[in-house]
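Chain and residue survey
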Amino acid sequence: MNNTTAIVGGIVALALIGGGVYYVTRDDGTLSPTATSTPSTSSSGSSGGGQPVTPTPTPQASAPSAITNSNATETDTTAVVSGSVTPNGAATAYWYEYGTTQNLGTKTSNQTIGSGFRATPAPGFITGLTKDTTYFFRLVAENTYGKTVGGIQTLKTTTVGTPAPVGGAPTVKTTVGSGVDRTAAMLNGEVTPNRAATSYWFEYGKTTSLGNSSALTAVGDGNAKMNVSLALSDLEPATTYYFRLNAQNQFGTVNSTILSFKTLNPVSGTAPTANTLSATHVATSTVTLRATVDANGLETMYWFEYSTDSLLGSVLLSSTPQKSAGAGSNPTQVETSVTGLNPDTNYYFRAVAQNSLGIVRGDKLTFKTN
């Protein structure tokens, strides 16, 4: 594998072979479609995101890697070739160089493969070949950190008029992220395979360079739009994330536009506090239990635990129904009436409070019924 250095600059127009989808380079270096056609018909299929994906730390960006596969599928005038590209953290384009000698001399149109750190298949569809002819080809990948050239392989076209492959490059569309929480979100999109076996993946990250990518997922070879999604977890609160959907089949790789969402702010407040107060209105079978509860800014529930067991063990423990203490930030006095007690009996009790950040128990106090 030979490495040379090049800088991708200006506005670069990239056309999918046999497609109708064109790409331009954004100011931030990412490549996005300017003429992607997505059917407006209702979805006839779906593909779920499976288990939530946890983003991993992003390594340092660098020049891509490229591997040319030796296998190819030929007709008399076309060939489907393949390889793999690892973008290594920067928006990367790939293409194939080919010719009847090892000097090559002809290249396919550029296609974009994203900016992740995962080795990703890089299919190519070459047309206009001469029948019964040996061709040399290789995969080339380039990003802002440099250009990488894969090894040269060979193919031979057939001697008779073999039908060309049926289908076309897939159509993709990123839709609005959903289920956005403080640390989780669902990425959504649409893929139309266009009659060729198609796989998709999502890219996402905290900048428009993205950097994280999901595994490739197959969506078949139909001609209907499919709803697809990816669940993310362990995101950072109050953070903007960018994402897009990519898809590919043997006719090429396509990318949707980049969208974004922002995770919710972190929860403010702390676990509640509970201070048990002395019991009042003590009678032969009833009592009023009291406490002060500070919700500390979060919706908080409170209740009382009581028992004839001084240890408040679980076997004899009773609890009052839970009630709301609100979501304020100041101590609030609460109380609950208890009935059905035994006369002339020592009871032990304490206040309990709980919000989303924890559960606390007040000091244990005692009273004796009349």
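For the structure itself, consult the block above.
Residues numbered from 1 in each chain as written. Predicted model: local features only at pLDDT ≥ 70, side-chain atom pairs only at ≥ 80, totals over all residues. Heavy atoms only, no water.

**Looking at the overall build of the chain**
For the chain, the helix and strand inventory stands at zero helices and 33 strands. Burial analysis of the chain (370 residues in total) assigns 46% to the buried set. For the chain, the share of sequence-separated contacts (at least 6 apart) that also reach a separation of at least 24 residues comes to 69%. Carbon and sulfur atoms make up 49% of the accessible area of the chain, which totals about 16900 Å². (Helix = DSSP H or I, 4+ residues; strand = E, 2+ residues; numbered from the N terminus. Buried < 20%, exposed > 50% of the residue type's maximum accessible area, 1.4 Å probe, protein only. Contact = heavy atoms within 4.5 Å. Areas by Shrake-Rupley, 256 points an atom, 1.4 Å probe, with all protein chains shown as cover.)

**Things to note about the packing of aromatic side chains**
Scanning the entire structure with this criterion turns up eight aromatic pairs. Between Y94 and Y96, the ring centres sit 6.3 Å apart and the planes meet at 90 degrees, which makes this aromatic pair edge-to-face. Assessed through its relative accessible area of 1%, Y96 is described here as buried. When the centroid spacing of 4.9 Å and the interplanar angle of 75 degrees are considered together, the rings of F125 and F251 count as edge-to-face. Taken together, the residues F125 in strand β12 (residues 124-126) and F251 in the loop between β22 (240-249) and β23 (252-255) connect sequence positions 126 residues apart. The buried category is assigned to F251, whose relative accessible area is 4%. Aromatic ring contacts, followed pair by pair, group Y241, F243 and F261 into a single cluster. (Phe/Tyr/Trp six-rings, centres within 6.5 Å; stacked < 30°, edge-to-face > 60°.)

**Quick notes on the environment of Y145**
Among the secondary structure elements, Y145 is positioned in the loop between β13 (134-143) and β14 (146-149). When the C-alpha atoms of Y145 and A90 are compared, they prove to be 7.8 Å apart, with 55 residues separating the residues in sequence. Not counting residues within four places of it along the chain, the set of residues in contact with Y145 comprises A61, S62, A63 and A90.

**Thoughts on the sheet that holds strand β30 (residues 332-338)**
Pairing in this open sheet of three strands is antiparallel, and the strands run β25-β26-β30 from one edge to the other. The open sheet has two free edges, formed respectively by β25 (273-280) and β30, since each of these has just one partner strand. Taken pair by pair, the neighbouring strands of this sheet meet at an average axis angle of 25 degrees, ignoring direction. In this sheet, β30 lies alongside strand β26 (residues 287-294) in antiparallel orientation, the contact comprising seven bridges. Bridge pairing in β30 places L289 opposite T336. (Pairing = 2+ DSSP bridges. Axes fitted to C-alpha atoms, helices over the stretch in contact; angles between N-to-C directions.)

**Some details on the side chain of T78**
Within the element layout of this structure, T78 appears in the loop between β6 (65-74) and β7 (79-86). Its relative accessible area of 6% is what places T78 among the buried residues. A polar contact is formed between the side chain of T78 and the side chain of T75, at a distance of 2.6 Å. Not counting residues up to four positions away in its chain, the partners in contact with T78 are T73, F125, I126, T127, L129, A164 and P165. (Polar contact = N/O pair within 3.5 Å; in protein donor to acceptor, adjacent residues only side chain to side chain.)

**Points about the pairing of β6**
Taken together, the seven bridges between β6 and β7 define a ladder with antiparallel strand orientation. Pairing of A72 across the sheet is with V81, part of β7. With antiparallel pairing between neighbouring strands as the criterion, β6 and β7 make up a hairpin whose turn holds four residues.

**Observations regarding the nonpolar core**
Of all hydrophobic cores here, the largest spans 23 residues; its most connected members are L187, V191, Y200, F202, V228, L245 and F261. Secondary-structure elements contributing two or more residues to this core are β17 (185-192), β18 (198-205), β21 (226-232) and β22. Sort the elements by how many residues they give to this core and β22 lands first, with four residues. Formed by 18 residues, the second largest nonpolar core is a distinct cluster that contains F304, L341, A351 and A353. (Core = buried A, V, L, I, M, F, W, Y, C linked by side-chain atoms within 4.5 Å.)

**Focus on the pattern of salt bridges**
Evaluation of the coordinates by the stated rule reveals eight salt bridges. Here K225 ties to E190 by a salt bridge, and the two come within 3.7 Å at their closest N and O atoms. Placement of the pair is K225 in the loop between β20 (217-220) and β21 and E190 in strand β17, with a sequence separation of 35 residues. A single burial state applies to K225 and to E190, both of which are buried. Between K368 and D344 there is a salt bridge, with its nearest N and O atoms 3.2 Å apart. You can see K368 sitting in strand β33 (residues 365-368) and its partner D344 sitting in the loop between β30 and β31 (346-355), a full 24 residues away along the chain. Three or more residues are tied together by salt bridges with common partners; here these are E305, R350 and R361. (Salt bridge = Lys/Arg side-chain N within 4 Å of Asp/Glu carboxyl O.)

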